Amino acid sequence: MAVEQFKVVGWEHTNNKLCRDFVFTNFSNAFAFMTQVALLAEKADHHPSWSNVYNRVTIELTSHDAGNTVTKKDVALAHAVNGLIAK
């Protein structure tokens, strides 16, 4: 996938992954966000690598079945996650 094709607002392409940090007002809001992302990921059958420390959530998207590179699945999930923030 060409670099231009995997650009998503707010996401950085690093080491064959789309990466983004999200910061919330508290742990409950961060966890609620993760729950929403989990539902999107399950529906897409595409699951992120992520971590949570208090009010910060870090998400990394890559397609393991495509040789650990960014694919259309990653871009689609990144856009869907951005949609959660826009609400």
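Our structure's up above, just so we're on the same page.
Small disclaimer: the values here were computed from a predicted structure and weren't measured. (Residues numbered from 1 in each chain as written. Predicted model: local features only at pLDDT ≥ 70, side-chain atom pairs only at ≥ 80, totals over all residues. Heavy atoms only, no water.)

Visitor: Describe helix H1 (residues 27–44), naming the residues involved and giving the relevant values.
Guide: Residues three or four positions apart in an α-helix share a direction because the helix packs 3.6 residues into each turn. Compared with the 26 Å implied by 1.5 Å per residue over 18 residues, the 26 Å span of H1 between its first and last C-alpha is a close match. Every buried residue belonging to H1 is among Ala-30, Phe-33, Met-34, Val-37 and Ala-41, and all of these are buried. Considered in projection along H1, the buried side chains sweep an arc of 100° and stay on one side of the axis. In H1, the exposed residues that point more than 90 degrees away from the buried face are Ser-28, Leu-39, Glu-42 and Lys-43. Along its buried surface, H1 packs onto strand S2 (17–23), strand S3 (49–53), strand S4 (56–61) and helix H2 (72–86). Residue Asp-45 follows H1 closely and has a positive phi angle near 55°. (Helix = DSSP H or I, 4+ residues; strand = E, 2+ residues; numbered from the N terminus. Expected span 1.5 Å × (residues − 1). Buried < 20%, exposed > 50% of the residue type's maximum accessible area, 1.4 Å probe, protein only. Arc of directions from axis to C-beta. Contact = heavy atoms within 4.5 Å.)

Visitor: Hey, could you go over the packing of aromatic side chains for me, with residue numbers and the actual values?
Guide: Within the structure shown, the criterion is met by four aromatic pairs. Consider the rings of Trp-11 and Phe-22, whose centres lie 6.0 Å apart with planes at 70°: the pair is edge-to-face. Here Trp-11 is found in the segment before strand S1 (12–14), whereas its partner Phe-22 is found in strand S2, with eleven residues between them in sequence. Of the residues examined, Phe-22 reaches a relative accessible area of 3% and is grouped as buried. Taken together, the aromatic side chains of Trp-11, Phe-22, Phe-24 and Phe-33 make up a single cluster linked through ring pairs. (Phe/Tyr/Trp six-rings, centres within 6.5 Å; stacked < 30°, edge-to-face > 60°.)

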